[in-house]
Amino acid sequence: TAAGGEISVLDNGSFGSLTIIKAITVNGDSNLTALLNAGTTGITVNAGANDIVYIRNISFNGAGTGTIGIRYLAGKALHVENCNIYGNGSTAAGSGHGIFANLSSSGLLFVKDTNIKNCGVSGITAQTSSGFLGGSIDHVRLEGLPTGLVIGNNSFVSVRDSVINFNTIAGVSITGSGSPTGSFDNCMINNNPTGINVGATGIMNLSSSVLESNTTAISSAAPQANLRSSGNNRLLGNTSDGATLTVILQK
């Protein structure tokens, strides 16, 4: 398929792993499109610096032994839309993620209308060793994982209208070098040992969100000034609400 083209799945079926090295769209619209990635990675995106990749309407099944559903190594931007990712149970180094954005240069990650569960390490991890990784997560469910969302080195991720529930370590972890930042609006982060964990260099922005029935709602090693709230959140039913937030008046 030519760069910038589209692979459309015409028939229902279960398909194998794929590596993407150029701008392309992979679309399973109107079909039952399953990608079986037992013992391996489902789709690896290792595209060029100006390439934009779209992955839509695909179910990734790691069958309990999958390593990563979608691995994003390089490219200008990756869009993941209307996908289900589960069964990446491996906990080997660099494995066990639904979506693993682990770049060595700048890039963008956009995840929308997607459900991720039953992975060995995290639902989504976003980090880059150089440059800047920006991202947005919209209408996403991250449930039944060790950590739902990891915002790591040099990353800024906005999360909106999403549910991060019943994870065994943390709903969200914001930690790493380069002031990793997570901004949350209208999210539910409930029933986790720690709702949001903010490392020493992390920054959290919280607005119109519910943190309920966590053991600790917000745990932080960062300065209070890095824990910013719009003052319109609901923290209730937690064993401890945790760290004190800095309220920024709405404008």
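Position numbers for residues count from 1 along each chain, tracking the sequence in the order it is written. Per-residue local features of the predicted model are confined to residues with pLDDT of at least 70, and side-chain atom pairs are confined, for both listing and counting, to 80 or more; whole-chain, interface and lining totals are unaffected and use all residues. Remark: hydrogens and water are excluded; side-chain values derive from all non-hydrogen atoms of the structure.

### Some points on the overall build of the protein chain
Reasoning step 1: Strands are runs of DSSP state E lasting at least two residues, helices are runs of H or I lasting at least four, and both sets are numbered from the N terminus onward. A count of helical and extended segments in the protein chain gives zero helices and 29 strands.
Reasoning step 2: The globule rule puts the C-alpha radius of gyration for 251 residues at 18 Å, and the 18 Å found for the protein chain is close to it.
Reasoning step 3: With the C-alpha coordinates aligned to their principal axes, the bounding extent of the protein chain is approximately 50 × 35 × 35 Å.
Reasoning step 4: Looking at the protein chain as a whole, 49% of its 251 residues are labelled buried.
Reasoning step 5: The contact rule is simple, with two residues in contact once any of their heavy atoms fall within 4.5 Å. Put simply, of all contacts in the protein chain between residues at least 6 apart along the chain, 58% involve residues at least 24 apart.
Reasoning step 6: Here, Shrake-Rupley sampling with a 1.4 Å probe gives the accessible areas, and only protein chains in the shown set may cover a residue. Accessible area for the protein chain stands at about 10,300 Å²; split by element, carbon and sulfur atoms hold 51% of it. Atoms considered for the radius of gyration are the C-alpha atoms alone. The globule rule reads 2.2 Å times the number of residues to the power 0.38. Think of it in three bands: with a 1.4 Å probe and only protein chains considered, a residue is buried below 20% of the maximum accessible area for its type, exposed above 50%, and partly exposed in between.

### Structural notes on unusual backbone geometry
Reasoning step 1: You will see that Asn-82, though not glycine, has its phi angle at about 55 degrees, which is positive.
Reasoning step 2: Tracing the backbone shows Asn-82 in the loop between β10 (77-81) and β11 (84-86).

### Digging into the sheet that holds strand β12 (residues 97-103)
Reasoning step 1: At least two bridges found by DSSP between two strands is the condition for calling them paired. Read across the sheet, ten strands follow the order β3-β6-β9-β12-β14-β16-β19-β22-β25-β28 without closing on themselves; strand pairing throughout is parallel. Both edges of this open sheet fall to β3 (18-20) and β28 (240-242), since each of them pairs with a single strand only. Each adjacent strand pair in this sheet contributes to an overall mean axis angle of 10 degrees, direction not counted.
Reasoning step 2: Both strand β6 (residues 41-46) and strand β9 (residues 68-74) contribute to a ladder of five bridges, which runs parallel. In this analysis, axes come from line fits to C-alpha atoms, helices being fitted only over the stretch in contact, and the angle between any two N-to-C directions falls in the range 0 to 180 degrees.

### What about the nonpolar core?
Reasoning step 1: Take the buried Ala, Val, Leu, Ile, Met, Phe, Trp, Tyr and Cys residues and link them wherever side-chain atoms come within 4.5 Å; each set so joined is a nonpolar core. Among the nonpolar cores identified, the biggest contains 51 residues, and Ile-55, Phe-184, Ile-196 and Met-204 are the most heavily contacted of them.
Reasoning step 2: For this core, the leading source of residues is strand β15 (residues 133-143), giving four residues.
Reasoning step 3: Excluding residues that lie within four positions of it along the chain, Ile-55 makes contacts with Val-26, Ile-43, Val-45, Phe-60, Ile-70, Leu-78, His-79, Val-80, Glu-81 and Cys-83.

### A word on the pairing of β12
Reasoning step 1: Across the seven residues that make up β12, a large majority, six, are buried.
Reasoning step 2: When β12 meets strand β14 (residues 122-128), the two strands line up parallel, connected through six bridges. For Ala-101, the partnering residue across the bridge sits in β14 and is Ala-126.

### Considerations on the side chain of Ser-59
Reasoning step 1: Residue placement: Ser-59 occurs in strand β8 (residues 59-61).
Reasoning step 2: In this structure, Ser-59 is in contact with Thr-33, Ala-34, Leu-35, Asn-84 and Tyr-86, ignoring residues within four places of it in sequence.

### Examining the environment of His-79
Reasoning step 1: Relative to the helices and strands, His-79 is located in strand β10.
Reasoning step 2: Exposure remark for His-79: the relative accessible area of 16% places this residue in the buried category.
Reasoning step 3: Sequence spacing of His-79 and Lys-112 is 33 residues, and the spatial spacing of their C-alpha atoms is 7.9 Å.
Reasoning step 4: Every residue in contact with His-79, bar those within four places of it in the chain, is listed here: Ile-52, Val-53, Tyr-54, Ile-55 and Phe-110.

### Quick notes on the pattern of salt bridges
Reasoning step 1: Throughout this description, the term salt bridge denotes a Lys or Arg side-chain nitrogen within 4 Å of a carboxyl oxygen of Asp or Glu. Evaluated as defined, the whole model comprises four salt bridges.
Reasoning step 2: Across the pair Arg-141 and Glu-143 runs a salt bridge, and its minimum N-O distance is 3.0 Å.
Reasoning step 3: Residue Arg-141 is classed as partly exposed on the basis of its relative accessible area, which comes to 36%.
Reasoning step 4: Given a relative accessible area of 24%, Glu-143 falls into the partly exposed group.

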